[in-house]
Amino acid sequence: MKRFADLYEALDRTTSTNAKVSAIVAYLREAPPGDAAWALFFLTGRRLARVVAARSLHLWTVELTRLPAWLVEESYGAVGDHAETIALLVDGRTPPLDARALREAAEMRAAAAQRRLFEEPVDSFDEQVAGVTLQDWIEKRLIPLRDVAEAEQRVRVLAWWSRLPRIELFLLNKLMTGEFRVGVSHTLVVRAVAQLAGLPTAVVEHRLMGGWEPSDDGFLALTRPESSVEEPSRPYPFCLASPLSDPVEVLGDCSDWLAEWKWDGIRAQLIHRSGQLFLWSRGEELITGRFPEVASAAQHLPGGTVLDGELVAWRDGRPRPFSDLQHRIGRERKLREALVAVPVAFIVFDLLEDNGDDIRSKPLHYRRARLVQMLNDRSPVTGDGDSPPSPIQLSAELDAPTWDVVAKLRSAAREHHVEGVMLKRWSSAYRPGRRRADWWKWKIEPFTVDAVLIYAQPGSGRRASLFTDYTFGVWHDGELVPIAKAYSGLNDREIDELDRWIRRHTISRFGPVSAVEPVHVFELGFERIARSTRHKSGVALRFPRMLRWRTDKTAQEADALETLMRMVRSEGA
């Protein structure tokens, strides 16, 4: 754990990309393979599921520090991060070893030994922590902690807190709560592994996709010399589009570009290899079982095929709002009912692997031609006149001979339940990550509403000491009802100004949340709106953000809920 803590501090101390890469390479070279694997697990943005409830950690902090609960809450309000608050408060303290605590510890050690829940013995209440590897912390201590009673968790966590130095204590808390993040980009991690292993970055990027497991063997497989033998389920890194903010004419000749709808769904890759089918989301979640109709249709695809596309709620030959698709996300029980209530289509727009050959380096016009031929050759995929439409559909090429036509299509996108227009250069290869110049997303203008700031709470990371997370409301029956939370859109000067104002005009507190005087109006932008039974207002906004601070308006001039309900009706949602 100490070596990993040193790496965390080294990454946190510098903004130099080369220094970050060097620090990661040095750690991976020196660490045991199991530790290196778990470090990469966290560095690439993966997280453990929560091990201990946050409520329990709060109670144990009060117990160990013997501070009033309200003071611990106030400390969190000032710091803005649970793990850091606990580390600062309990650093250097030891648990109260009264007779009851000792008796509980003995009983729990006996119970743990009997059930063999922990792989290593505990010889005393103040369990030793020095020199324990990161892999052992995760696999022999934290993961088994999920399966024991809260009282037993308390004994162990209090012992760890009393023995770890502050930085390791902070990391432990982050790992236990499932909130650990490192300030390093995925691209830099790939560079570091590629440098260590002497491999092309594209190979490392591909190997880190999908079901990569943090283990000794997993790390050794990741860094082995290049080989043609790969895991059949592994998807490719996704090619991402950049937002188009300049006039579309700067892209040059319109004939050099493919225009498609920007679908509003879940980006995914459909893989048919070695007689098996896999559907991966862009978040690297295996979702094959949640969309069995797509997997069934994919049986007709030739082996060695990888398709890139979007899962979209689909009914009567047209897409439905994303809010419909949300009823299918995470729905593992009552799946049969969900299949009927929310049909989906996998809208395919690229072919990445053709008969087992990686064709990502081929130009888009070649990949598109092969994709069209493949889908046309497989009538059960695209559907025919005697059968219902297939869940696998080709993303249509829009008839857009000029930029003026493209602009008109974009303006009409909302009527088609899409987010705008995609523009892809016909000569472009399929390259991982967000690379400007080849793929652009030209999204429709957002919906807007003027809303009143009613709640605020501190942010996280470098903004943990500032109020940067805001809740906004609109008028309904003479009251302000919350409609959205927003975190982005203000510059540093505006954040500082608003933070000072919030501290002077808080009217009540709910833990870290401050209710403020309802006087400031902000223009919010959002992509879509839908009815919601989970929100008091009855509506849910998609991707809300602050467009501007309306200092020219009073709170009484903010919009009413009926304005949003008209938007809902216009969306047909």
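Cut-off values and rules
- Residues numbered from 1 in each chain as written.
- Predicted model: local features only at pLDDT ≥ 70, side-chain atom pairs only at ≥ 80, totals over all residues.
- Heavy atoms only, no water.
- Helix = DSSP H or I, 4+ residues; strand = E, 2+ residues; numbered from the N terminus.
- Buried < 20%, exposed > 50% of the residue type's maximum accessible area, 1.4 Å probe, protein only.
- Contact = heavy atoms within 4.5 Å.
- Areas by Shrake-Rupley, 256 points an atom, 1.4 Å probe, with all protein chains shown as cover.
- Phe/Tyr/Trp six-rings, centres within 6.5 Å; stacked < 30°, edge-to-face > 60°.
- Lys NZ or Arg CZ within 6 Å of the ring centre and 35° of its normal.
- Axes fitted to C-alpha atoms, helices over the stretch in contact; angles between N-to-C directions.
- Parallel < 35°, antiparallel > 145°, perpendicular 65-115°, else oblique.
- Nonpolar A, V, L, I, M, F, W, Y, C, P; charged D, E, K, R; others polar.

**A look at the overall build of the protein chain**
- The secondary structure content of the protein chain amounts to 21 helices and 22 strands.
- Looking at the protein chain as a whole, 51% of its 573 residues are labelled buried.
- Pairs at least 24 apart in sequence give 71% of the contacts found in the protein chain among residues at least 6 apart.
- Taken as a whole, the protein chain presents about 26,800 Å² of accessible surface, with 49% of it coming from carbon and sulfur.

**A closer look at the pairing of strand β3 (residues 257–261)**
- Burial runs high along β3: 5 of the 5 residues are buried.
- Judged by which residues are buried, β3 turns out to be covered on both faces: W257, A259 and W261 on one side and L258 and E260 on the other are all buried.

**A word on the packing of aromatic side chains**
- Following the criterion strictly, the structure yields 17 aromatic pairs and no others.
- Judged by centre distance (5.9 Å) and plane angle (55°), the rings of Y8 and F170 are tilted. With Y8 in helix α1 (residues 2–13) and F170 in helix α10 (residues 166–177), this pair connects stretches of sequence that are 162 residues apart. In this structure, Y8 and F170 share a single accessibility class: buried.
- Three or more aromatic residues link up through ring pairs in this structure, and these residues are F4, Y8, Y27, W38, F41, F42, F170 and F180.
- One cation-aromatic arrangement involves R414 over F447; the distance from NZ or CZ to the ring centre is 3.9 Å.
- Here the basic side chain of K424 rests over the ring of W439, its NZ or CZ set 4.2 Å away from the ring centre.

**Description of the packing of α1 against α10**
- At a minimum axis separation of 10 Å, α1 and α10 run at an interaxial angle of 90°. Here α1 is positioned roughly perpendicular relative to α10, judged by the angle of their axes. Residues K2, F4, A5, Y8 and E9 of α1 touch α10, and the partners they reach there are I167, E168, F170 and L171.
- Class assignment for the residues of the contact of α1 with α10 results in 6 nonpolar, no polar and 3 charged.

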